[in-house]
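Per-entry structural report
Chain by chain, the residues:
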Amino acid sequence: MTISYHWLSTYLPEVIEPEKLSKILTSIGLEVESMETYQNMKGGLAGLVIGEVLTCEQHPNADKLKVTTVNVGQAAPLKVVCGAANVAVGQKVVVATVGATIYPSTGDPLTMKVAKIRGEESYGMICAEDEIGLGTSHEGIMVLPAEVQSGTLAADYFNIYNDVVYEIGLTPNRMDAMSHLGVAKDVCAYVTHHYNKEAKVKSPFSNTFKVENHLLTIPVTVEDNVACPRYAGVTISGIAVKESPDWLKNQLKAIGVRSINNVVDVTNYILHETGQPLHAFDADQIAGKAIIVKKASADTKFITLDGKERTLSVEDLVICDGHAAPMCIAGVFGGAASGVSDNTVNIFLESACFAASTVRKTSLRHGLRTDAATRFEKGVDISNTVHVLKRAALLIQSVAGGSISSDVVDIYPNPVAKTVVSLKYQYLKKLSGKSYHPDAIKKILVALGFDIHREGIDEISVAVPYSKPDISLPADIVEEIIRIDGLDNIAIPTTITISPATNQLGIKEALKEKLAGYLVGKGFQEIVTNSITNSKYFDEATLSGTVTMMNNLSADLDVLRPSMLETGLECIAYNSNRKNTNLQLFEFGKTYHTKGVGNYYEEEHLAIYITGNNHEGDWQEKAQATSFFQAKGLVEALARLNGLEAIKFAKEENSSLVVVTHAKQTIATLQSVPPSKLKMFDLKQPVFYLDFPLSTFIKQVEQKRIVYKEVAKFPSVQRDLALVVDSATAYHQVESVVKKVNLPKLQNMRLFDVFESDKLGVGKKSMAVSFTFLDEEKTLTDKEIDGMVNKMITSFEKELSAEIRK
């Protein structure tokens, strides 16, 4: 939510400095995420003043330069060297003084310094319009009317708009703060409570509205009072659609709203002023000169303002003309045929309250997330419908002319009563941890617009303002009181009493704790990513078993993740874009799947992501990129940590995926993420992804009993063999041969070197393997060791056609 400081200040009874106002907003729950200066022109002409040329003489050392003195309202005139041919005595000109930065229409900014030009000092610059961004002409300096006062700031003369813009992190329940007036009400409540003086919002509404004629009466019929509980409208004739005045354009541009024309700009202005969406129809395009509010007919084709044809549903509420032809999707988007254009002369101005659920479903169904839909789906102030309509009509008259040409139509068959909520003072103390005086409670609630319904010794009942449709419980009232009083004003208790849990962790939680502890010790960082993700990441085959969101918050978050990979890659991409490229991350999370309507299930995973350098370069050794084998080693280490020794790796055909099994059960998968997937996230460096399905992993761990074994009393013996094998031979084939030999006294084997050279023969490589032997009952003799080694050599020669390097 974007809020303009100057716009907001017009509703406040006193001026509050931007920094102070920012702190107040954050204190009352409207967290200011950013506060930035806005200027409708870059630089805001800061440091530029209007001056009068007092003297103008030829430069002694340059034919095309003049030496001038300029009165800029200071004690002494400035000496300025100027190259413009049209400079002359008596002119009123724009001067960029020393220290000022100018922003040309083209090119880079330039900061003024004292300069010596061909031997003559110059203390500024007399400017042409393109040199300060006011135009494109460079035919000469700007010459202003003679009546302009010397020393006038250029920003004031050219009416440069300066503002401070707040970006507020608004929580979804705070529809009452989705407007400048709503925010102003909260600020006034804060001032009333904390400064002990009554502060009321300066209301923009006036009682000057009057009907001037009845030349353009358009009757309205509402067929669905549930989807449209209130509908109001009025006609204005004889308007002139044109460019909006500067004040209106500046205020809209400051909050990021593009100016379209004076009529549409007023509807947008009112939306951001009051939170009430409006819509203006070209009255001459309303066939039958009547309006019908009804549900659309099935499969009706409708072209919206963006020029796209959309197929309407019977659940879509539409505003139709007298012939029942849709003109607008109610509360969501207007139609191309009935909108205001440059040729519009007469308009019908609509102000309505549409049901939140109806608008939200329609908005999501058609993928139209408009400002109007956002406000309607959170609820609008139904009591303010007509007041806002009259305010907008008067504003349109002021910028576009015209006459009010009909009575206000107001269809409100079932007036809504205010919600009454009772709050016990003891409950307030229990929830807030603070004792409030009843007078302070009453003061805060009245300042926020609540009506006191009943007061008692130990409780208070209040009628909730229509602008706060989210408030229905005593806890909601507590929240209102706390945020105006300030969360910082709630004291932290001196003692905290807790009951420590005595239950031991279950095997799943204990295992997760063990795995996380090991990974953190290895330098990994735990992440938590969103379980809702974007369907565009997945192919059709995957999406067929994916759980789709029915009411997704945005188009980019529309499915529950079927895989942990994509959300992890989003995190890696975010870090990589900020030059944090060496990452070791892990996450415990769930994936979600379906086997048909109503048949849903979820799986828990440990996902590990490795990318970038495994070792940062320093003066002793170079940086080392993470390799597939380091990722493979991590799988082995995590399995061994939990007693799973006999694991097997099998690479799938035509894929980078490696399946890891134990006792014929898949306990993990390992892969180098395919380039096509990396491209989706604009990642240039390799990423290795490990996925442990926890249910299977836990079952294998449960079946493996870990038993303590006494440390061997006898020494182990190590022997190394260098095997010359075919280049295509993988290490797991060597392991497989050794396992077939079945040597009980072989404790461990480890590949420690791979060497390839033409000297070994074409298509050959050498694999150096270390073997560790141990007999727990006695010391091994050379004869016994040689016997076991020879058995392995024989198998290597037979199974792998290997040669032993001597």
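Below, the structure is looked at part by part. What you see is a predicted model; the values in this text were computed from it and never measured.

The subject of this paragraph is the layout of surface pockets. Considering only enclosed or pocket space, the largest pocket measures out at about 1700 Å³ in volume. Those elements that place two or more of their residues in the lining of the largest pocket are helix H16 (628-641), strand S35 (647-651), helix H19 (731-741), strand S40 (746-755) and strand S41 (764-773). Top contributing element to the lining of the largest pocket by residue count: S40, with seven residues. Class assignment for the residues of the lining of the largest pocket results in 18 nonpolar, seven polar and eleven charged.

Extensive coverage of strand S36 (residues 658-662) is indicated by the burial of five of its five residues. Residues Val658, Val660 and His662 point to one face of S36 and Val659 and Thr661 to the other, with burial holding for every one of them. Sheet topology places S35 next to S36; five bridges connect them, and they run antiparallel. The residue of S36 that forms the bridge with Lys651 is Val658. Hairpin connection, S35 to S36: the antiparallel pair is bridged by six residues, and Asn654 has positive phi, about 55°. The sheet contact formed by S36 and strand S37 (residues 665-672) spans five bridges and is antiparallel. Pairing of Val659 across the sheet is with Thr669, part of S37. The antiparallel hairpin formed by S36 and S37 contains two residues in its connecting segment, where Ala663 sits at a positive phi of about 55°.

Along helix H8 (residues 371-378), the residues that are buried comprise Ala372, Ala373, Arg375, Phe376 and Glu377. Of the surrounding secondary structure, the elements contacted by the buried residues of H8 are helix H6 (262-274), strand S22 (347-353) and helix H7 (356-366).

Glancing now at the nonpolar core. Core analysis: the largest hydrophobic core is formed by 76 residues, its most contacted members being Leu25 and Val187. The element best represented in this core is helix H9 (residues 385-400), accounting for ten residues. In contact with Leu25, other than residues within four places in its own chain, are Leu30, Glu31, Val32, Tyr166, Ile168, Val183 and Val187. Counting residues in hydrophobic clusters, the runner-up holds 36 residues, among them Ile218, Phe302, Ala330 and Phe376.

Across all of its chains, the model carries two cavities of 30 Å³ or more by this definition. Taken as a whole, the largest cavity encloses approximately 50 Å³ of empty space. A per-class count over the lining of the largest cavity returns seven nonpolar, three polar and one charged. One number sums up the size of the second largest cavity: a volume of about 30 Å³. The wall of the second largest cavity is formed by Asn173, Arg174, Asp470, Ile471, Asp476, Glu479 and Glu480. Its residues assigned to classes, the lining of the second largest cavity shows one nonpolar, one polar and five charged.

Below, the discussion takes up the sheet that holds strand S32 (residues 600-611). Within the open sheet, the seven strands sit side by side as S28-S31-S32-S38-S37-S36-S35. Their pairing is mixed. At either end of the open sheet lies a strand with only one pairing partner, and these are strand S28 (525-526) and S35. Packing of helix H13 (residues 507-521) onto the sheet brings it into contact with strand S31 (583-594) and S32, and relative to S31 it is tilted by some 150°. On the sheet, H16 packs against S32, S35, S36, S37 and strand S38 (687-693) and is oriented at approximately 20° with respect to S38.

Further remarks concern the packing of aromatic side chains. Under the defined criterion, the tally for this structure stands at 14 aromatic pairs. Members of the aromatic cluster, joined through ring pairs, are Trp7, Trp247 and Tyr269. We note Arg578 situated over the ring of Tyr574; from NZ or CZ to the ring centre the distance is 3.7 Å. Over the ring of Phe649 we find Lys632; its NZ or CZ atom is 4.5 Å from the centre of that ring.

Of note in this structure, Ala324 is not a glycine but carries a positive phi near 65°. Taking relative accessible area as the criterion, Ala324 reaches 39% and is therefore assigned partly exposed.

Residues Val98, Val114 and Tyr123 make up a contiguous nonpolar surface patch of roughly 240 Å² in combined accessible area. Locating Val98 in the fold gives a position in the loop between strand S6 (92-97) and strand S7 (101-102).

We now examine the packing of helix H4 (residues 180-194) against helix H12 (residues 474-485). The N-to-C vectors of H4 and H12 enclose an angle of 70°; their axes lie 9 Å apart at closest approach. Of the possible angle classes, the one that applies to H4 and H12 is roughly perpendicular. Of the two possible hands of crossing, H4 and H12 adopt the one that is right-handed. Contact residues: H4 offers Asp186, Ala189, Tyr190, His193 and His194, while H12 offers Arg483, Ile484 and Asp485.

Conventions used here
- Residues numbered from 1 in each chain as written.
- Predicted model: local features only at pLDDT ≥ 70, side-chain atom pairs only at ≥ 80, totals over all residues.
- Heavy atoms only, no water.
- 1 Å grid on protein atoms, 1.4 Å probe; cavity = no way out; pocket = protein on both sides within 12 Å on 5 of 7 lines; lining within 4 Å.
- Points joined across faces, edges and corners; volume = space filled by probe spheres on them.
- Helix = DSSP H or I, 4+ residues; strand = E, 2+ residues; numbered from the N terminus.
- Nonpolar A, V, L, I, M, F, W, Y, C, P; charged D, E, K, R; others polar.
- Buried < 20%, exposed > 50% of the residue type's maximum accessible area, 1.4 Å probe, protein only.
- Pairing = 2+ DSSP bridges.
- Contact = heavy atoms within 4.5 Å.
- Core = buried A, V, L, I, M, F, W, Y, C linked by side-chain atoms within 4.5 Å.
- Axes fitted to C-alpha atoms, helices over the stretch in contact; angles between N-to-C directions.
- Phe/Tyr/Trp six-rings, centres within 6.5 Å; stacked < 30°, edge-to-face > 60°.
- Lys NZ or Arg CZ within 6 Å of the ring centre and 35° of its normal.
- Patch = residues over 30% accessible without salt bridge, like charges linked within 9 Å, V, L, I, M, F, W, Y side chains within 5 Å.
- Areas by Shrake-Rupley, 256 points an atom, 1.4 Å probe, with all protein chains shown as cover.
- Salt bridge = Lys/Arg side-chain N within 4 Å of Asp/Glu carboxyl O.
- Parallel < 35°, antiparallel > 145°, perpendicular 65-115°, else oblique.
- Left-handed = near helix turned anticlockwise from the far one by under 90°.

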